[in-house]
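Fold and contact review
Given next are the chains, with one letter for each unit.
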Amino acid sequence: MNRQDAFVLMPTGGGKSLCFQIPALLMDGLTVVISPLIALMKDQVDALKINGISAAFLNSTLSYKEQADVISRIEKNTLKLLYVAPEKLFLNDLQFIHSLKTQKVSLFAIDEAHCISQWGHDFRPEYLNLKILKQLFPTTPIIALTATADTVTRKDILEKLHLMEPRVFVSSFNRANIHYYVEPKANPYDRMVEYLKKHPDESGIVYALSRQSVERLAEDLEQDGFSAKPYHAGLEKNIRERHQELFIKDQIKIMVATIAFGMGIDKSNVRFVIHMDLPKNIESYYQETGRAGRDGLQSEALLFYGAGDVMKLKKFSEIEDNSAQTRVLLNKLNAMVHFCETRICRRKYLLNYFGESFENHCGTCDVCLSQHEKFDGTIMAQKILSAVSRLHENYGVGFIVDFLCGSKNDKISETQRQLKTYGIGAGITKDEWKRYIRELLALGYLKQEGEYPVLKLTDVSVRLLTGNEPVMLTKSIIRAEAAQTVAKHEEGLIPLLKQLRFRLATESNVPAYVIFSDVTLLELATYLPQTISELKQISGFGEIKLQRYGKPFLDMVQAYCRTNKLSSKIDQKKKKRERASKTGGPADTKLESLKLFREGKSPVEIAAIRTLGVSTIETHLAHFILDGTLGVDDLVPKEKISPIKKAIEEHGSLSLKGLKDTLGEHTSYGEIRAVLNSMQKLKA
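What follows concerns helix α25 (residues 543-564). Since one α-helical turn is 3.6 residues long, residues separated by three or four positions face the same way. When the terminal C-alpha atoms of α25 are compared, their 29 Å separation across 22 residues agrees well with the 32 Å that a helix rising 1.5 Å per residue should span. Where α25 is concerned, the buried positions are K545, L546, Y549, G550, F553, L554, V557, Y560 and C561. Immediately downstream of α25, the backbone of K565 shows phi near 55°, a positive value.

Okay, here's the thing in structure tokens:
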């Protein structure tokens, strides 16, 4: 709004679109949104129109006449938002972009900005041309937005777009409503079917690595009675588009897809994402799982992990004649493997990867929800290490397991069968041996090396082999269910509301979630409004939607309440709001921390009093530097301020973790954040 360039890093479903849509409405002129995603363009334009906003898109799906109509609306200044593909801007010697110079362009928004970086996970060469925007429109602000970019990618985006002293906004990566689960890749199809049967009416995406896998899985699911369709780049365009439309409009429940599907899908009621194969990096995994729960309701991400996927993906990571990029891609793959094998909270691992600190326990991932029954696994471990040693550290997990189990596999030579460790693991299943090997890898008693990873001993292996060090392994894992976060509501009303929403969506030829999200339906079924004034208090009912859809939804709620002798509970919503403002509203929680700080309490003491993390309290206090309530020297020792400033000036402010690594363990995240805020206040 200050007409400065901006870079926004915000998670999928976090509200990136609002960051340019609201300024577009407040500014005088046209906002041009550059997006590589044709499906998203249509979705967002449909949603804007439903809300009474003048918006259009220009891409290859429009006929010549339709394109001419959009251009006419641009020339008549009757559009507020225009969505275009990057290629459109540069056609015919920049003819279109030069035509924009005759219009009042208030803002350029570059969505999926990571596409400009070769170090990003979805590089698109056409994005490189966007650097010309700053040359042709030097006084027009540019906002670049992405959901997934590590430190290297962020720096690359800023450099390639030639943004002028951009303000950088990095939101939390934490999608608290998504619960993360990783399971061994043992009978994954049967396990998936078991999962789907527990979620019969919910919408979800199943990702697989290859086109053949996608088609086979979709076919098998349909034969087993599930509502599913395939999606991959090898399908005819019209079939792809048809399947996508069926999914978006809730006419099928499950989309089985390669990663070609989903980028830019704005469907808010996806309740689960299942990965049948390993994603190639954390960024892809985060973005793909982020397609679940965009409405903020509880959703799940389930990943089946097997070592065989790692070998396949290592081959895909090799870029001919580009060792630097190969190294980057392999490092990203290794981080994904470590995520699957970690024994710490998976949410913590994800957030730490993106440079964000987090407590050690989230209570909503399989690691945090599991109780591990341990046993003295020293002998088991010695058998594994001995087998690796006697086979001269030349084989991978599969071969070692076959060797231990005494397999008659032809790959095991007669000489190897004479070794005394051959067959010493008979009687224990292959899956158990694989699990023990994964644990030894995680504990550092084994490592994997090479293009086709072979098992190697480590420096600490000797202590275990000689019996000088015991090791505890996991006998069984008992996983508890995560606590349910859905408010108590009328279960019988929800399907009726969904049917009404579906009918209205079909009549308007838009996806159901464009009419109302599941959050709105849940609130209707919880608070049971009985009048138009009460309906206004339900999330999603703004003036336009109240006029268009208020009566049919109100009629349905009233009829349900009459039949079931129920009355309005809207007062509970008011009380909930009042409680939140007294004890838990965002502004109030910061003020509570400030009050205790002014009473002489340290951040550690405040964290203990409020049962919050120290980093959370430090964030609260650093906030008050921005408005001048506190000074930086109130929170940071004077001798530390200058070194922190110097590190920020040298390395930039995009990654707190990067700065922390540079400054060392004696400087806290809270101190870095406080200095960053003081520097930001000076710029403002």
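Moving on from the model shown.
Next up on the list: empty space enclosed by the protein. Evaluation of the coordinates by the stated rule reveals one cavity of 30 Å³ or more. Roughly 30 Å³ of volume is contained in the largest cavity. Along its surface, the largest cavity is lined by F173, N174, R175, Y180, Y286, R347, L350 and L351. By residue number, the principal contributor to the lining of the largest cavity is helix α14 (residues 346-353), which donates three residues. Class assignment of the residues belonging to the lining of the largest cavity gives a composition of five nonpolar, one polar and two charged.

It is worth spelling out the confidence of the model for the chain at this point. With 93% of its residues at a pLDDT of 70 or more, the chain has an overall mean of 85. Model confidence for the chain, summarised as mean pLDDT per element, is weakest for helix α26 (residues 570-583) at 66 and strongest for strand β12 (residues 270-275) at 96.

What follows deals with the sheet that holds strand β6 (residues 142-146). With parallel pairing, the seven strands of this open sheet are ordered in space as β3-β4-β2-β5-β6-β1-β7. Each edge of the open sheet carries a strand with a single partner, namely β3 (55-58) and β7 (167-170). Averaged over all pairs of adjacent strands, the angle between their axes in this sheet comes to 15°, without regard to strand direction. Sheet topology note: the strand β1 (residues 6-9)/β7 ladder contains four bridges and is parallel. Note that in β7 the partner of F7 across the bridge is V168. Contacting β1, β2 (30-34), β4 (81-84), β5 (105-110) and β6, helix α1 (residues 16-26) runs over the sheet at an angle of about 160° to β6. Against the sheet, helix α3 (residues 64-75) touches β2, β3 and β4, its axis set at about 130° to β3.

It is worth spelling out the sheet that holds β12 at this point. Each strand in a sheet pairs with its neighbour through backbone hydrogen bonds, running either in the same direction (parallel) or in the opposite one (antiparallel). Pairing is parallel in the open sheet, where six strands are placed in the order β8-β13-β12-β9-β11-β10. Of all strands in the sheet, those bounded by a partner on one side alone are β8 (178-184) and β10 (228-231). Neighbour to neighbour, the strand axes of the sheet diverge by 15° on average, direction disregarded. Pairing between β10 and strand β11 (residues 254-257): four bridges, direction parallel. Its bridge partner lying in β11, P230 is registered against V256. Against the sheet, helix α9 (residues 211-223) engages β10 and β11, with an angle of about 170° to β10.

In terms of nonpolar packing, the biggest core is built from 85 residues, with I34 and L278 touching the most fellow members. The dominant element in this core, judged by the number of residues it contributes, is helix α13 (residues 323-341), at six residues. Discounting chain neighbours no more than four positions away, the residues touching I34 are V84, P86, L89, F108, A109, I110, D111, Y127, L130 and L133. Judged by nonpolar contacts, the second largest core, of 31 residues, contains L521, L522, L546 and Y560.

A separate point is the side chain of S407. Secondary-structure assignment places S407 in the loop between α17 (397-405) and α18 (414-417). By relative accessible area, which is 16% here, S407 ends up buried. Excluding residues that lie within four positions of it along the chain, S407 makes contacts with D402, I412, R417 and Y422.

This part takes up unusual backbone geometry. A positive phi angle, close to 55°, is found at N509, a residue other than glycine. Within the secondary structure, N509 sits in the loop between α21 (493-508) and α22 (512-515). Relative accessible area serves as the criterion here: at 46%, N509 is assigned to the partly exposed category. For K565, which is not glycine, the phi dihedral falls at a positive 55°. Residue position: K565 is located in the loop between α25 and α26. Looking at K565, the relative accessible area reads 76%, which means it is exposed.

Definitions and cut-offs
Residues numbered from 1 in each chain as written. Predicted model: local features only at pLDDT ≥ 70, side-chain atom pairs only at ≥ 80, totals over all residues. Heavy atoms only, no water. Helix = DSSP H or I, 4+ residues; strand = E, 2+ residues; numbered from the N terminus. Expected span 1.5 Å × (residues − 1). Buried < 20%, exposed > 50% of the residue type's maximum accessible area, 1.4 Å probe, protein only. 1 Å grid on protein atoms, 1.4 Å probe; cavity = no way out; pocket = protein on both sides within 12 Å on 5 of 7 lines; lining within 4 Å. Points joined across faces, edges and corners; volume = space filled by probe spheres on them. Nonpolar A, V, L, I, M, F, W, Y, C, P; charged D, E, K, R; others polar. pLDDT = per-residue confidence, 0-100. Pairing = 2+ DSSP bridges. Axes fitted to C-alpha atoms, helices over the stretch in contact; angles between N-to-C directions. Contact = heavy atoms within 4.5 Å. Core = buried A, V, L, I, M, F, W, Y, C linked by side-chain atoms within 4.5 Å.

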